[in-house]
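Structural overview for review
Okay, here's what each chain looks like letter by letter:
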Amino acid sequence: MKMYDYVIIGAGIAGSSTAYFLSKKTDSLLLIDKKTEVGDAASGAAGAFLSPLLGKPNKFKDLVTTALKFSTNFYMKNFSDCIDNCGTLRIPKDEKDEEKFHSYKDSMDFNYEQKHNGYFFKIGSVIKSQKLCQNLTKDIEKKLGYEIKLLCQDENLWIINDQIKAKNIILCTGADVSLIDESYLGIRPVWGQRIDIKTKSLFKYNYHKECSVSKSFESDEKDHYIVSIGATHHRNVLDKEVDNSDTEQLLKKASDIVQLDGAEVLNLYGGARASSMDYFPMIGKLIDSSKTLQEYPHMRHGSFVDESKFTMYENLYIFNGVGGRGFVLSPYLANELVNYIFEHKDIDSDILPNRLFKRWVKKYNK
Ligand SMILES: Cc1cc2nc3c(=O)[nH]c(=O)nc-3n(C[C@H](O)[C@H](O)[C@H](O)COP(=O)(O)OP(=O)(O)OC[C@H]3O[C@@H](n4cnc5c(N)ncnc54)[C@H](O)[C@@H]3O)c2cc1C
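Read on for an overview of the structure. (Residues numbered from 1 in each chain as written. Predicted model: local features only at pLDDT ≥ 70, side-chain atom pairs only at ≥ 80, totals over all residues. Heavy atoms only, no water.)

Considerations on the site of the ligand
The following threshold applies: Distances are taken per atom, and a residue is near a molecule or strand as soon as one of its heavy atoms is within 4 Å of it. Any pair of nitrogen or oxygen atoms within 3.5 Å is treated as a polar contact; in protein, a donor-acceptor pairing is required on top of that, and neighbouring residues in sequence qualify only through side-chain atoms on both sides. Areas reported here follow the Shrake-Rupley algorithm with a probe of radius 1.4 Å; residue values treat only the protein chains shown as occluding. Helix and strand labels come from DSSP, where a helix needs a run of H or I of at least four residues and a strand needs a run of E of at least two; each type is numbered from the N terminus. Note on residue classes: Ala, Val, Leu, Ile, Met, Phe, Trp, Tyr, Cys and Pro are nonpolar, Asp, Glu, Lys and Arg are charged, and everything else, Gly too, is polar.
Around the ligand, the structure places 37 residues, and the nearest of them are Asp 33, Ser 43, Phe 49, Gly 323 and Phe 327. Measuring from an oxygen atom of the ligand, one finds a backbone N or O atom of Ala 14 at 3.1 Å. Phe 327 has a polar backbone atom sitting 2.9 Å from an oxygen atom of the ligand. When the free accessible area of the ligand is taken as 1,000 Å², the share hidden by the protein chains comes to 96%. Among the secondary structure elements, those contributing two or more residues to the shell around the ligand are α1 (13-22), α2 (42-45), β13 (188-199), β19 (264-275) and α8 (326-343). Along the lines of polarity and charge, the residues of the shell around the ligand split into 17 nonpolar, 12 polar and eight charged.

Here's the deal with the nonpolar core
Under the convention used in this document: Nonpolar cores are built from buried Ala, Val, Leu, Ile, Met, Phe, Trp, Tyr and Cys residues. Side-chain atoms within 4.5 Å join them into one set. Note on classification: 1.4 Å probe, protein chains only; a residue is buried when its accessible area is under 20% of the maximum for its type, exposed when over 50%, partly exposed between these limits. Contacts were defined at the residue level, with two residues in contact if any of their heavy atoms lie within 4.5 Å.
In this structure, Tyr 75, Leu 132, Ile 170 and Phe 319 are the most contacted members of the largest nonpolar core, which totals 56 residues. Counting residues per element, this core draws most heavily on α8, at nine residues. Apart from the residues lying within four places of it in its own chain, the contact partners of Tyr 75 are Ile 13, Leu 50, Ser 80, Ile 83, Ile 127, Leu 132, Phe 327 and Pro 331. Within the second largest apolar cluster, 37 residues are counted, among which are Leu 171, Ala 274, Met 282 and Phe 310.

Brief notes about the pairing of β13
How we decide: Here the rule is simple: two strands pair whenever DSSP picks up at least two bridges between them.
By the criterion of burial, β13 is predominantly enclosed, with 11 of the 12 residues buried. Pairing geometry for β13 and strand β18 (residues 234-235), over two bridges, is antiparallel. Residue Val 190 lies in a different strand from β18, and its bridge partner there is Arg 235. In this structure, β13 lies alongside strand β17 (residues 225-230), joined through six bridges in antiparallel fashion. Residue pairing in the sheet places Arg 194 in a bridge with Gly 230 of β17.

Details of the packing of helix α3 (residues 59-78) against α8
To keep things clear, this is the line we draw: Axis lines are fitted through C-alpha atoms, for helices just across the contact stretch, and the angle between N-to-C directions can take any value from 0 to 180 degrees. For this classification, under 35 degrees means roughly parallel, over 145 means roughly antiparallel, 65 to 115 means roughly perpendicular, and everything else is oblique.
At their nearest, the axes of α3 and α8 sit 7 Å apart, and the two run at 85 degrees to each other. Considered as vectors, α3 and α8 are oriented roughly perpendicular to each other. Facing Leu 63, Val 64, Thr 66, Ala 67, Leu 68, Phe 70, Ser 71, Phe 74 and Tyr 75 of α3, the residues of α8 in contact are Phe 327, Val 328, Leu 329, Pro 331, Tyr 332 and Asn 335. Among the residues forming the contact of α3 with α8, the class breakdown is 12 nonpolar, three polar and no charged.

Let's talk about the sheet that holds strand β4 (residues 83-84)
Two orientations exist for strands paired in a sheet by backbone hydrogen bonds: parallel and antiparallel. Spatially, the three strands line up as an open sheet ordered β3-β8-β4, and their pairing is antiparallel. Looking at the sheet topology across the chains shown, the edges are occupied by β3 (49-50) and β4. As paired elements, β3 and strand β8 (residues 125-127) share two bridges and run antiparallel to each other. Looking at β8, one finds that Phe 49 is bridged to Val 126.

Concerning the side chain of Ser 214
With respect to the element layout, Ser 214 can be found in the loop between β15 (212-213) and β16 (217-218). With relative accessibility at 0%, the residue Ser 214 sits in the buried group. The residues touching Ser 214, leaving out its near neighbours within four places in the chain, are Phe 49, Val 126, Phe 203, Tyr 205, Asn 206, Val 227 and Ser 228.

Considerations on a negative patch on the surface
Where we set the bar: Nonpolar side chains (Val, Leu, Ile, Met, Phe, Trp, Tyr) are joined into patches within 5 Å and like charges within 9 Å, using only residues with over 30% relative accessible area and no salt bridge. Salt bridges are counted wherever a side-chain nitrogen of Lys or Arg sits within 4 Å of a carboxyl oxygen of Asp or Glu. Under the convention used here, Asp and Glu are negative, Lys and Arg are positive, and both His and the chain ends fall outside the count. Where a charge lies is defined by one atom per residue type, namely NZ (Lys), CZ (Arg), CG (Asp) and CD (Glu).
Taken together, the side chains of Asp 94, Glu 95, Glu 98, Glu 99 and Glu 210 define an acidic patch exposed on the protein surface. Along the chain, Glu 210 turns up in the loop between β14 (206-208) and β15. Overall, the relative accessible area of 46% leaves Glu 210 in the partly exposed class.

Re unusual backbone geometry
Peptide bonds are, in most cases, trans, and in most cases residues other than glycine have a negative phi. In the segment running from Gly 47 into Ala 48, the intervening peptide bond is cis, with an omega of -10 degrees. Looking at where Ala 48 falls in the secondary structure, it is placed in the loop between α2 and β3. For Asp 223, which is not a glycine, the phi torsion comes out positive at approximately 60 degrees. Relative to the assigned elements, Asp 223 resides in the loop between β16 and β17. In the Ramachandran plot, His 344 falls in the positive-phi region, its phi being about 60 degrees despite a non-glycine side chain. Inspection of the secondary structure assignment puts His 344 in the loop between α8 and α9 (354-364). Exposure remark for His 344: the relative accessible area of 64% places this residue in the exposed category.

Description of the state of the cysteines
Condition: The criterion for a disulfide is a pair of cysteine sulfur atoms lying within 2.5 Å.
All chains considered together, the criterion is met by zero disulfides. Free of any disulfide, Cys 82 has its nearest cysteine sulfur in Cys 133, 9.1 Å distant. Between Cys 152, a cysteine without a disulfide, and Cys 172, which holds the nearest cysteine sulfur, the sulfur-to-sulfur distance is 20 Å.

Take it as geometry only, folks, not as evidence of what the structure does.
Printed below as a string of structure tokens:
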């Protein structure tokens, strides 16, 4: 049985970013995915737009701002052929939204200029999503088209499908969390569709109103361009076929933003985002809920137990819950996770899985 120090399960943007940073620290690393290509689930479906979060100051906005700065610099420095930092025009949906934008002016984390009917942010970018995942994992050993059905622990080692041994596992499985039976994770799938169209319209930057419209990219036909439009939202749907009704919805919303001359739909992409209950992502070690509750049954009745006493799964880490901002959050969080594993750098309590466990015990275990 082949053995690795680290096995990452899931080769979307979360797993691919983790593989990139982890490969700087170890030579014994395997990246596994049931799909036959990397970045072929939600990550391949994504637009993928990088844009600031607007709003009054709050912790989630701070996280998105920090991650957006980190990830944009990271892509520009290392994968400049996968990012187009063309800027994004954010357009208020209606008068009420316009008032909101106005009230956010003092809390903008990025420079902007008022332009046409919206607010133009230079920091806005669009990513070639699947190509980025491929480039991030270019030098990484991979096992693709390989579904993990069985994950168990024998002494200090993890055994995968009775075929591969790993000292450490990092779960980056996105909306499919069936490998780990822990209800407190509370991952909810939000399925979505994006389309690529061919059009004669030339846009120099991205737009965002009720959907996002990318800048125009060259096509193989003279005076015709490729534009990405995303995305639809189907809450609590893990899997679904791409379809015309979502396409029509996207075209309608896009034509409320820009004029699309001679639009011809080229490709439809679909996938499920993985959202957590509180919209914050989760990275770090996982708590074994049954062992912890066995040890401290009075937790069910609200007694305080220090987090350091929780029973953790040994050598098992998770990186999930990046929701609709996987391309903004992943490089930043992957770097944080790898620093936690190798340098013992603390992870912010807002993104540790512990907070979800504590809430779950309070709510469902009385
Ligand atoms: C239509 C759409 C538009 C989007 N637009 C944007 C955007 O503009 N900007 C942005 O930042 N984000 C966007 N997102 C969100 C972004 O795509 C996600 O946040 C991100 O892709 C999640 O990455 P992930 O690696 O967690 O999951 P995934 O990309 O889903 O990867 C998880 C992988 O794990 C594998 N896996 C699961 N279980 C197993 C198993 N048992 N064995 C082997 N392999 C397994 C799966 O095959 C999959 O490849 C969009 C998403 C969608 C669907």
